[in-house]
Amino acid sequence: MSTPESRSATTEGASLRQVTVGASTGNVIEWFDYATYGYLATEIGAAFFPFESRALSLLSSFAVFGVAFFMRPVGGLIFGSLGDRLGRRGVLAAVIGLMSLATLAIGFIPGYQTIGLWAPALLVLARFLQGLSGGGEFGGAASYVAEHAPARRRGFYVSLIESSALAGFLLGIVVVLILRGLLPAEAMNDWGWRLPFLAAGPLGLVGLYIRLRLQESPEFQKLEAQHSVAKSPLRESLTRSWRSILVVFGLVIVHNASLYIILTYFNTYMTEQLGISAIGASVATLIVLVVTVVVIPIAGALSDRVGRKPLLLAAAIGFAVLSYPMLLLMNQGNYAVVVIADIVLALLLSCYLGAALPAYIEAFPTRMRYSGFSVAYNLSVAVFGGGAPFFATLLVTSTGNLLSPAFYVIGAALASLVAVVALKERSGSELELT
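What counts, and where the lines are drawn
Residues numbered from 1 in each chain as written. Predicted model: local features only at pLDDT ≥ 70, side-chain atom pairs only at ≥ 80, totals over all residues. Heavy atoms only, no water. Helix = DSSP H or I, 4+ residues; strand = E, 2+ residues; numbered from the N terminus. Rg over C-alpha atoms; globule rule 2.2 N^0.38 Å. Buried < 20%, exposed > 50% of the residue type's maximum accessible area, 1.4 Å probe, protein only. Contact = heavy atoms within 4.5 Å. Areas by Shrake-Rupley, 256 points an atom, 1.4 Å probe, with all protein chains shown as cover. Lys, Arg positive; Asp, Glu negative; His and termini not counted. Charge placed at Lys NZ, Arg CZ, Asp CG, Glu CD. Arc of directions from axis to C-beta. Salt bridge = Lys/Arg side-chain N within 4 Å of Asp/Glu carboxyl O. Phe/Tyr/Trp six-rings, centres within 6.5 Å; stacked < 30°, edge-to-face > 60°. Patch = residues over 30% accessible without salt bridge, like charges linked within 9 Å, V, L, I, M, F, W, Y side chains within 5 Å. Polar contact = N/O pair within 3.5 Å; in protein donor to acceptor, adjacent residues only side chain to side chain. Core = buried A, V, L, I, M, F, W, Y, C linked by side-chain atoms within 4.5 Å. pLDDT = per-residue confidence, 0-100. Axes fitted to C-alpha atoms, helices over the stretch in contact; angles between N-to-C directions. Parallel < 35°, antiparallel > 145°, perpendicular 65-115°, else oblique. Left-handed = near helix turned anticlockwise from the far one by under 90°. Nonpolar A, V, L, I, M, F, W, Y, C, P; charged D, E, K, R; others polar.

J.: Which parts of the structure should I look at to understand the overall build of the protein?
T.: Secondary structure assignment for the protein yields 20 helices and zero strands. What you see for the protein is a C-alpha radius of gyration of 21 Å, in line with the 22 Å of a compact globule of 434 residues. Dimensions of the protein along its principal axes, counting C-alpha atoms only, are 65 × 45 × 40 Å. Classification of the 434 residues of the protein by burial places 60% in the buried group. Here the analysis covers contacts within the protein between residues at least 6 apart in sequence; of these, 86% occur between residues at least 24 apart. Carbon and sulfur atoms make up 69% of the accessible area of the protein, which amounts to about 15,600 Å² in all. Positive and negative charge centroids in the protein, built from 27 and 23 side chains respectively, lie 7 Å apart.

What follows is the structure, given as structure tokens:
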């Protein structure tokens, strides 16, 4: 059983850095795998859905992108329950292995011209597996770090998990940008888009090695020592923590709706609707990602000082008020203005994310944290996150209004504001055990 003294050594010493680096490194690899699909949606659409209509091919590609998100709740149920029953460490190793194998498979699937309908069918299967593993990644990594971190700095350390996820996005777009700069468009469409997926194999081995070297979290060790590990954590979370599940579900709405609009959909929006080159759109998204990765930990540290609710409230109101004007500016045709407007929205996103993830974790006791978080987070992501690029594209193509994606983000912000008001402030307090 870990004593307060031993836990202090863990949370303040070199092992806390090891824990954070280990969980974050695996998270970077996990989300690099996940993000490359979104950034290569155009090439994937052409390879697997070669319709005469470019818009229909793109819609089909984004529809398959969203498929993985509908498997995330299933993955959350499975891996969340296992993580609360068996521990965080082993489950985190399993999910990164599954994600890497599924991503590697996408790189090998022949296109529609080679095997016909089997091509999109196999692509959907691979995305199912990605979604399954993704459902167990985020909650496990965040819970693992939170259960090591000192209460007074929990927001900062947990926000590094969110930042590392977006660093995976950043790595994905850097790789895609390099490929598009080095390869002719024909080669990129033919085989170049496969290279980031093929990199999943060696990257996954690195992540697996790192996570297998980690120790179990001290909070879970306390549960084991007290023989208090939940036998049915999923059932307990649904019966005992249903209010927290509803609140976190609501908080996640704008979290993921804005994230996937700003960091995934806007990259395609710039090329398809604003006429910006693929490289220009990638550079703009790269700048936005750098800003986001840097600002999230700052916001997390600030939330340790002022609390989670003030930052969440300010960011949600910011999205409700500024989303339409910023998209209006993006449509003025000036590249610099496009980047600036995108950065403004990214700053709002960073403030929200820096405070949100620790708030999600603090809403649940250790005994059912992995399960409760995974249910609430992944259900909300499935509905409002994975479908964001698809619905934004559908809104534009069906209405002809290039500003219509702003209404999606505004609606999400208003819904999350209700959850922010209902959230109980727990920053700076010790995590509940049972």
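J.: Honestly, helix α13 (residues 233-240) in this entry has me stumped. Any pointers?
T.: An α-helix turns once per 3.6 residues; consequently, residues spaced three or four apart project the same way. Of the positions making up α13, those classed as buried are Pro-233, Glu-236 and Ser-237. Seen end-on, α13 carries its buried residues on one side only, within an arc spanning 100°. Exposed positions of α13 whose direction lies more than 90 degrees from the buried face are Arg-235 and Thr-239.

J.: What is the right way to look at unusual backbone geometry in this model?
T.: With the exception of glycine, the majority of residues adopt a negative phi angle, and the majority of peptide bonds are in the trans configuration. Positioned with a positive phi, His-227 is a non-glycine residue whose angle comes to about 55°. Counting through the fold element by element, His-227 comes out in the loop between α12 (218-225) and α13. For His-227, a relative accessible area of 75% translates into the label exposed.

J.: Help me out: how do you make sense of the pattern of salt bridges in this one?
T.: Pairs can form between side chains of opposite charge once their charged atoms are near each other. The tally for this structure, following the rule as stated, stands at twelve salt bridges. We note a salt bridge from Arg-211 to Glu-137, for which the minimum N-O separation is 2.7 Å. You can see Arg-211 sitting in helix α11 (residues 200-212) and its partner Glu-137 sitting in helix α7 (residues 118-146), a full 74 residues away along the chain. Per residue, the accessibility class of Arg-211 equals that of Glu-137, and both read buried. What emerges from the salt-bridge pattern is a single network uniting Asp-84, Arg-88, Glu-147 and Arg-369.

J.: Explain the packing of aromatic side chains here, please?
T.: For any pair of aromatic rings, the description consists of the separation of the ring centres together with the inter-plane angle of the planes. For the coordinates displayed, the defined rule picks out 15 aromatic pairs. Note on Phe-249 and Phe-384: the rings are 6.2 Å apart at their centroids and 70° apart in plane angle, and the pair reads as edge-to-face. Linking Phe-249 in helix α14 (residues 242-272) with Phe-384 in helix α18 (residues 369-385), this pair joins segments that are 135 residues apart in sequence. Since its relative accessible area comes to 26%, Phe-249 is described here as partly exposed. Look at Phe-384 and you get partly exposed, because its relative accessible area is 23%. Ring geometry for Tyr-265 against Tyr-269: centres 5.6 Å apart, planes inclined by 50°, an arrangement best described as tilted. Remark: Tyr-269 and Tyr-265 occur in helix α14; sequence separation between them is four residues, near one turn of the helix. Judged by its relative accessible area of 3%, Tyr-265 is buried. Feature note: the residues Phe-138, Tyr-360, Phe-373 and Tyr-377 constitute an aromatic cluster, connected by ring pairs.

J.: It is not clear to me how a nonpolar patch on the surface should be interpreted in this structure. Could you clarify?
T.: Together, Trp-118, Leu-122, Leu-125, Phe-128 and Leu-129 make up an exposed nonpolar region whose accessible area comes to about 470 Å². Positionally, Leu-122 belongs in helix α7. The partly exposed category is assigned to Leu-122, whose relative accessible area is 32%.

J.: I keep staring at the side chain of Arg-367 and nothing clicks. Help me out?
T.: Here Arg-367 is to be found in the loop between α17 (335-362) and α18. Looking at Arg-367, its side chain comes within polar contact range of the main-chain oxygen of Ser-228, at 2.3 Å. A polar atom in the side chain of Arg-367 sits 2.7 Å from the side chain of Glu-236. Once residues within four sequence positions are removed from consideration, Arg-367 is found in contact with Asp-84, Leu-223, Ser-228, Val-229, Ala-230, Pro-233, Glu-236, Arg-240, Leu-433 and Thr-434.

J.: Before we go on, may I ask you to explain the nonpolar core in this structure?
T.: The nonpolar side chains of a soluble globular protein tend to be buried, and buried together. Among the nonpolar cores identified, the biggest contains 125 residues, and Phe-266, Tyr-352 and Tyr-360 are the most heavily contacted of them. When residues in this core are grouped by element, the largest group, 17 residues, is from α14. Sequence-distant contacts of Tyr-360, defined by excluding residues within four places in its chain, comprise Val-248, Leu-251, Val-252, His-255, Tyr-352, Phe-373 and Tyr-377.

J.: Can you walk me through the confidence of the model for the protein in this structure?
T.: Close reading of the predicted structure is inappropriate where its pLDDT is low. Mean pLDDT for the protein: 88, with 96% of residues reaching 70 or above. Confidence over residues 1-11 falls short of pLDDT 50; this stretch has 21 contacts with residues more than four positions distant or in other chains.

J.: Any chance you could explain the side chain of Ser-371 here in plain terms?
T.: Mapped onto the secondary structure, Ser-371 falls in helix α18. The exposure class of Ser-371 is buried, given its relative accessible area of 2%.

J.: When you look at the environment of Ser-237 in this model, what are you seeing that I'm missing?
T.: Tracing the sequence through the fold places Ser-237 in helix α13. Spatially, the C-alpha atom of Ser-237 lies 29 Å from that of Ile-296, the residues being 59 residues apart in sequence. Only 2.7 Å separates the side chain of Ser-237 from the backbone oxygen of Leu-234, close enough to count as a polar contact.

J.: Explain the packing of α14 against α17 here, please?
T.: The angle between the axes and the distance between the axes are what describe a pair of packed helices. For the pair α14 and α17, the least separation of the axes is 10 Å and the interaxial angle reads 150°. On the basis of their axis angle, the class for α14 and α17 is roughly antiparallel. As for the relative orientation of α14 and α17, their crossing is left-handed in sense. Contacts between α14 and α17 pair Val-248, Leu-251, Val-252, Val-254, His-255, Ser-258, Leu-259, Ile-262, Leu-263, Phe-266 and Met-270 from the former with Val-338, Asp-342, Leu-345, Ala-346, Leu-349, Tyr-352, Leu-353, Ala-356 and Tyr-360 from the latter. Within the contact of α14 with α17, the residues separate by chemical class into 17 nonpolar, two polar and one charged.

J.: Please clarify how the environment of Leu-212 should be interpreted in this entry.
T.: Turning to its location among the elements, Leu-212 is positioned in helix α11. Residues Leu-212 and Leu-312 lie 100 residues apart in sequence; the distance between their C-alpha atoms is 35 Å. Those residues within four positions of Leu-212 in sequence are excluded, and the remaining contacts are Arg-89 and Ala-93.

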